[in-house]
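As a plain string of letters, each chain reads:
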Amino acid sequence: MAKAQVRYGGEMRKRAAAVDRQRVAKYACPKCGKRKVKRECYAVWKCRSCGATFAGGAYSLTTAVGETGRRIIADVKKR
Ligand SMILES: [Zn+2]
């Protein structure tokens, strides 16, 4: 039981690190296609190239990452 809890904690730390990388990454702009989108503030993303702003996820631009989040939740439930 204790072993399982330790492994679970390690997984969570790894995932937290992944989220951290996503938060600082640049994303491709859905409008102009350039990888110039950066996080402005909480859930707001702005393209440095065309100036478009997007409301997105708190830690990454697209809902595709929301999919990842759902997948991670499913993973955790499986364990
Ligand atoms: Zn743009």
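Everything numeric here is computed off the predicted structure, so don't read it as measured data. (Residues numbered from 1 in each chain as written. Predicted model: local features only at pLDDT ≥ 70, side-chain atom pairs only at ≥ 80, totals over all residues. Heavy atoms only, no water.)

Undergrad: Explain the confidence of the model for the protein chain residue by residue, including any values.
TA: With 48% of its residues at a pLDDT of 70 or more, the protein chain has an overall mean of 71. Mean pLDDT values for the elements of the protein chain range from 58 in helix H2 (residues 63-78) up to 87 in strand S2 (residues 44-47). (pLDDT = per-residue confidence, 0-100. Helix = DSSP H or I, 4+ residues; strand = E, 2+ residues; numbered from the N terminus.)

Undergrad: Describe in detail the pattern of salt bridges, supporting the description with residues and values.
TA: Opposite charge on two side chains permits pairing when their charged atoms draw close. This structure, assessed with the given rule, holds 1 salt bridge. One salt bridge in this structure joins Glu40 and Arg48, with 3.2 Å as the shortest N-O distance. (Salt bridge = Lys/Arg side-chain N within 4 Å of Asp/Glu carboxyl O.)

Undergrad: Account for the coordination of the zinc ion, with residues named and values stated.
TA: Around the zinc ion, the protein contributes the donor atoms Cys29 (SG), Cys32 (SG), Cys47 (SG) and Cys50 (SG), at 2.3 Å from the metal centre. We note that the donor set of the zinc ion lies within a single chain, spaced as C-x2-C-x14-C-x2-C. You can call Cys47 buried: its relative accessible area is 2%. A residue is classified by how much of its surface remains accessible, and Cys50, at 35% relative accessible area, is partly exposed. (Donors = N, O, S within 2.8 Å, 3.2 Å for Na, K, Ca; no water. Buried < 20%, exposed > 50% of the residue type's maximum accessible area, 1.4 Å probe, protein only.)

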